Amino acid sequence: MKRLVLFAAAALAVANGIGAAAAAELPIYESTGFPITAHQVSVMGAGHVEEASSVPALTLGGMPASPSQIQVLTAHKQLLGSKPQS
């Protein structure tokens, strides 16, 4: 009976440890500003690869955005009096 209680306690402790380890986020990498997976890093090599920050550095209107998203979403300058090209 003692072994059963010890086994149950050990199983519970291991299950609690697994739950805590699974809650951690995996690291995110980027190469020259583009997201890259850990598998791509191992295949292509680690040159010019950095770990991306978990907090977005760029925002547009309070929302996180990549540099290309900001470029697309910002208003384009138009010349006054010019006709749109067709």
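Rules and cut-offs
Residues numbered from 1 in each chain as written. Predicted model: local features only at pLDDT ≥ 70, side-chain atom pairs only at ≥ 80, totals over all residues. Heavy atoms only, no water. Helix = DSSP H or I, 4+ residues; strand = E, 2+ residues; numbered from the N terminus. Buried < 20%, exposed > 50% of the residue type's maximum accessible area, 1.4 Å probe, protein only. Contact = heavy atoms within 4.5 Å. Areas by Shrake-Rupley, 256 points an atom, 1.4 Å probe, with all protein chains shown as cover. Patch = residues over 30% accessible without salt bridge, like charges linked within 9 Å, V, L, I, M, F, W, Y side chains within 5 Å. Salt bridge = Lys/Arg side-chain N within 4 Å of Asp/Glu carboxyl O. Pairing = 2+ DSSP bridges. Axes fitted to C-alpha atoms, helices over the stretch in contact; angles between N-to-C directions.

> Help me understand the overall build of the chain in this model?
A count of helices and strands for the chain gives 3 helices and 5 strands. N-terminal to C-terminal, the α/β element order of the chain is α-β-β-α-β-β-β-α. Within the chain, buried positions represent 6% of all 86 residues. Sequence-distant contacts, at least 24 apart, represent 6% of the contacts inside the chain between residues at least 6 apart. For the chain, the exposed surface amounts to about 8,100 Å²; the carbon and sulfur share of it is 65%.

> Help me understand a nonpolar patch on the surface, please; the structure alone is not making it clear to me.
On the surface, Met 1, Leu 4 and Val 5 cluster together into a nonpolar patch covering about 370 Å² of accessible area. Along the chain, the position of Leu 4 falls in helix α1 (residues 2-22).

> Got a minute to help me understand the side chain of Ser 31 in this structure?
Relative to the helices and strands, Ser 31 is located in strand β1 (residues 29-31). In this structure, Ser 31 is in contact with Ile 36, Gly 47, His 48 and Val 49, ignoring residues within four places of it in sequence.

> Would you mind going over the sheet that holds strand β2 (residues 34-36) with me for this structure?
Two pairing modes exist for strands in a sheet, parallel and antiparallel, and in both the strands are linked by backbone hydrogen bonds. Strand order in the open sheet formed by 3 strands is β2-β1-β3, and the pairing between neighbours is antiparallel. The sheet is open, and its two edges are formed by β2 and β3 (49-51), each paired on a single side. Taken over all neighbouring pairs, the strand axes of this sheet differ in orientation by 40 degrees on average, direction set aside.

> Mind showing me how you'd approach unusual backbone geometry here?
The backbone of His 48 sits at a positive phi, close to 65 degrees, despite the residue not being glycine. Looking at the element boundaries, His 48 is found in the loop between α2 (38-44) and β3.

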